[in-house]
Amino acid sequence: MFAKLFEQELALELELEADQGIDWSDARCRDGAATMVGLFFSEQIDDIARAKAICGLCPLAEPCFQGALERREPWGVWGGHLFANGKVLAQKRKRGRPPKNPQVQEPLTA
Ligand code: SF4
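What you see is a predicted model; the values in this text were computed from it and never measured. All residue numbers here refer to positions counted from 1 along the written sequence of the relevant chain. Given that this is a predicted model, residues contribute local features only at a pLDDT of at least 70 and side-chain atom pairs are listed and counted only at 80 or more, while totals for whole chains, interfaces and linings are drawn from all residues.

K.L.:
Break down the overall build of the protein for me, citing the residues and quoting the values.
P.N.:
Helices and strands together make up the secondary structure of the protein, namely four helices and three strands. For every residue, the other C-beta atoms within 10 Å of its own C-beta are counted; 20 or more classify it as buried, 12 or fewer as exposed, and values in between as partly exposed. C-beta atoms are placed from the backbone. Across the 110 residues of the protein, 17% fall into the buried class. Any pair of residues counts as being in contact when their C-beta atoms, constructed from backbone geometry, are within 7 Å of one another. The long-range share in the protein, meaning contacts at least 24 apart out of those at least 6 apart in sequence, stands at 49%. Secondary structure elements are taken from DSSP: a helix is a run of H or I of four residues or more, a strand is a run of E of two residues or more, and numbering for both begins at the N terminus.

Given below as structure tokens:
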């Protein structure tokens, strides 16, 4: 289901951006078989990090992110940003309640 939606979104992006001279064939997530859909719409923190890393090497990250904002994408990683419930999240929290007594990270020393 997500694969079809992702392909439709990308096709729409291609159509919309063609007039602006953006060549989406350089998109790092575009492999023609939608094999990365699971990463870009995953709930798993490590998958999301991998999707963001892929976007980090994509030459189209900025127009991708701007397009997602304009289309009000509800979910997924677009342009290196995570969208959830239509909002851009700085990072995804782990499931469940935060610990009552969070562990304090010791600063690194040389
Ligand atoms: S920025 Fe990420 S989601 Fe957007 S086209 Fe590039 S790889 Fe795909």
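K.L.:
Help me get a handle on the site of the ligand, residues and values and all.
P.N.:
By convention here, the C-beta atom is placed from the backbone, and a residue is near a molecule or strand when that atom is within 6 Å of it. Inspection of the region around the ligand gives Ala27, Arg28, Cys29, Ile54, Cys55, Cys58, Leu60, Ala61, Cys64, Trp78, Gly79 and Gly80 as its neighbouring residues. If you list the elements that add at least two residues to the shell around the ligand, you get α3 (45-56) and α4 (61-71). Three classes are used, and their members are as follows: Ala, Val, Leu, Ile, Met, Phe, Trp, Tyr, Cys and Pro are nonpolar, Asp, Glu, Lys and Arg are charged, and the others, Gly among them, are polar. For the shell around the ligand, the per-class residue count stands at nine nonpolar, two polar and one charged.

K.L.:
Break down the nonpolar core for me, citing the residues and quoting the values.
P.N.:
Residues of type Ala, Val, Leu, Ile, Met, Phe, Trp, Tyr and Cys that are buried and joined through C-beta atoms within 7 Å form what is called a nonpolar core. Counting 15 residues, the largest nonpolar core has Phe40, Ala51, Val77 and Trp78 as its most contacted members. Secondary-structure elements contributing two or more residues to this core are α2 (37-40), α3, α4, β1 (76-78) and β2 (81-84).

K.L.:
Describe the sheet that holds strand β3 (residues 87-89), listing the residues and the values that go with them.
P.N.:
Whether two strands pair depends on DSSP finding at least two bridges between them. Spatial strand order, β1-β2-β3: three strands in an open sheet with antiparallel pairing. On the outer flanks of this sheet lie β1 and β3, each paired with one strand and no other. Strand-to-strand, the axes of this sheet are offset by a mean angle of 45°, without reference to chain direction. The pairing of β1 with β2 spans three bridges and is antiparallel. Looking across to β2, one finds that Val77 is bridged to Leu82. The convention used is that axes are lines fitted to C-alpha atoms, helices contributing only their stretch in contact, and that angles between N-to-C directions extend from 0 to 180 degrees.

K.L.:
I'd love a proper account of α4, names of residues and values included.
P.N.:
One turn of the α-helix equals 3.6 residues, which is why residues spaced by three or four share an orientation. All of the buried residues along α4 are Cys64, Gly67 and Ala68. Here the buried residues of α4 occupy an arc of 100° about the axis, which is enough to place them on one side. Facing away from the buried side of α4 by over 90 degrees, the exposed positions are Glu62, Gln66 and Glu70. Positioned one or two residues after α4, Arg72 has a phi angle of 55°, which is positive. When we speak of the arc, we mean the arc of directions from the helix axis to the C-beta atoms.

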